[in-house]
Amino acid sequence: MGKRLNGLVGRRSKAWKLRKVANVAVSRIGILRKVHGVRCSQARSDVIQLLHQGHQQRALLRVEQVMEEQNALDAFVMIESYCHLLGERAEMITNTICSWGECPDELKEAMSSLIFASSRCGAFPELQHIRRILTSRYGKDLVFSANSNSTLHPKLVQRLSIERASSEARQDLLKQIAKDNGIALHHLDDIDDQPISKTQMRHSQEVDSLILDDDNEEITENIVGCDSNKIDAQVDDGTRRNKYYLRRSHLHINALDSHTMQLLNHLTCGSN
């Protein structure tokens, strides 16, 4: 009777651990979505400003950052839904289901997708712990499913892909941004769109920052002599708010990292 009771307590403990880590993962996703949302908004604003200044080629390069940030946001939405599902079905995953073949399709997709995402999302310790819990339960069948893409959602695979977006996709997004802001594009198809390295991309962003800073200096020169209220009206409040939200988000991430380490240490000690 005592062994049976200990076994039941052990199973409940595994379910509790999975549910707890899934909930912390959801909290982290909420912060990461804010960070990437700010970055996406800022990159889109840079594209609009570059287009206004006639720098179409640099705008096309910056569009790639918009797409990367948007892909991250879409991926986080899907990962969040999978974490919610794991939290709701934790007892079934760790206790009721005996083998991978008995798993419902929706759980197969959620678990294999989180395993897939854990190797592609850096600085996400909760996903790594979820991976250890699930692989200890289902072993090589789960890992094979995640690596073979057989149960993965195609949208998640595409959003977490490291391949560069096609030229057509980047041009389509640039055209849409220009259309939404009433900006006319000229000879977009003639723009040289050769593949670039990460170093070249960083250099391009630094140059864009100089271009945008120069534009801000011109605005400042144009309002010299105005009273302070008019000057304040010319300041880009959106940029200030973005920096403020980024700083707060990074503070929240640091606090969550500390909480996560304490939780994972507690779970590790509890499993021994």
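For the structure itself, consult the block above.
This is a predicted model, so every value here is computed, not measured.

Peer 1: How should I be thinking about the pattern of salt bridges in this particular structure?
Peer 2: Any two side chains of opposite charge can pair, so long as their charged atoms come close to each other. Going through the model one piece at a time under the given rule, you end up with six salt bridges. Linking Glu126 and Arg28 is a salt bridge whose minimum nitrogen-to-oxygen distance equals 2.6 Å. Taken together, the residues Glu126 in helix 5 (residues 125-138) and Arg28 in helix 1 (residues 2-52) connect sequence positions 98 residues apart. Given a relative accessible area of 1%, Arg28 falls into the buried group. For Arg62, the salt bridge is made with Asp46, and the minimal N-O distance between the two is 2.4 Å. One end of the pair, Arg62, is in helix 2 (residues 56-88); the other, Asp46, is in helix 1, and 16 residues separate them in sequence. Using a relative accessible area of 10% as the deciding quantity, one classes Asp46 as buried.

Peer 1: Quick question: what am I supposed to make of the environment of Gln42 here?
Peer 2: Its place among the elements puts Gln42 in helix 1. A relative accessible area of 23% places Gln42 in the partly exposed class. For the pair Gln42 and Gln65, spaced 23 residues apart in the sequence, the C-alpha separation amounts to 9.9 Å.

Peer 1: I would appreciate a short explanation of helix 4 (residues 105-118) in the present structure.
Peer 2: The periodicity of an α-helix, 3.6 residues per turn, causes residues three or four positions apart to be oriented the same way. The end-to-end C-alpha distance of helix 4, which contains 14 residues, comes to 20 Å, matching closely the 20 Å that a straight helix rising 1.5 Å per residue would cover. In terms of burial, helix 4 is a largely internal element, eleven of the 14 residues being buried. Of all the positions in helix 4, only Leu107, Lys108, Ala110, Met111, Ser112, Ser113, Leu114, Ile115, Phe116, Ala117 and Ser118 are classed as buried. Against helix 2, helix 3 (90-96), helix 5, helix 6 (140-148) and helix 7 (154-159) lie the buried residues of helix 4.

Peer 1: Can you help me understand the packing of aromatic side chains in this one?
Peer 2: Geometry of an aromatic ring pair is reported as the spacing of the ring centres plus the angle between the planes. Counted according to the given criterion, the structure contains one aromatic pair. Aromatic pair Trp100 and Tyr138: ring centres 5.9 Å apart, planes at 70°, arrangement edge-to-face. Of this pair, Trp100 sits in the loop between helix 3 and helix 4 while Tyr138 sits in helix 5; the two residues are 38 residues apart in sequence, bridging distant segments of the chain. For the pair Trp100 and Tyr138, a shared accessibility class is recorded, and that class is buried. Just above the ring of Tyr138 sits the side chain of Arg137; from NZ or CZ to the centre is 5.9 Å.

Cut-offs applied
Residues numbered from 1 in each chain as written. Predicted model: local features only at pLDDT ≥ 70, side-chain atom pairs only at ≥ 80, totals over all residues. Heavy atoms only, no water. Salt bridge = Lys/Arg side-chain N within 4 Å of Asp/Glu carboxyl O. Helix = DSSP H or I, 4+ residues; strand = E, 2+ residues; numbered from the N terminus. Buried < 20%, exposed > 50% of the residue type's maximum accessible area, 1.4 Å probe, protein only. Expected span 1.5 Å × (residues − 1). Contact = heavy atoms within 4.5 Å. Phe/Tyr/Trp six-rings, centres within 6.5 Å; stacked < 30°, edge-to-face > 60°. Lys NZ or Arg CZ within 6 Å of the ring centre and 35° of its normal.

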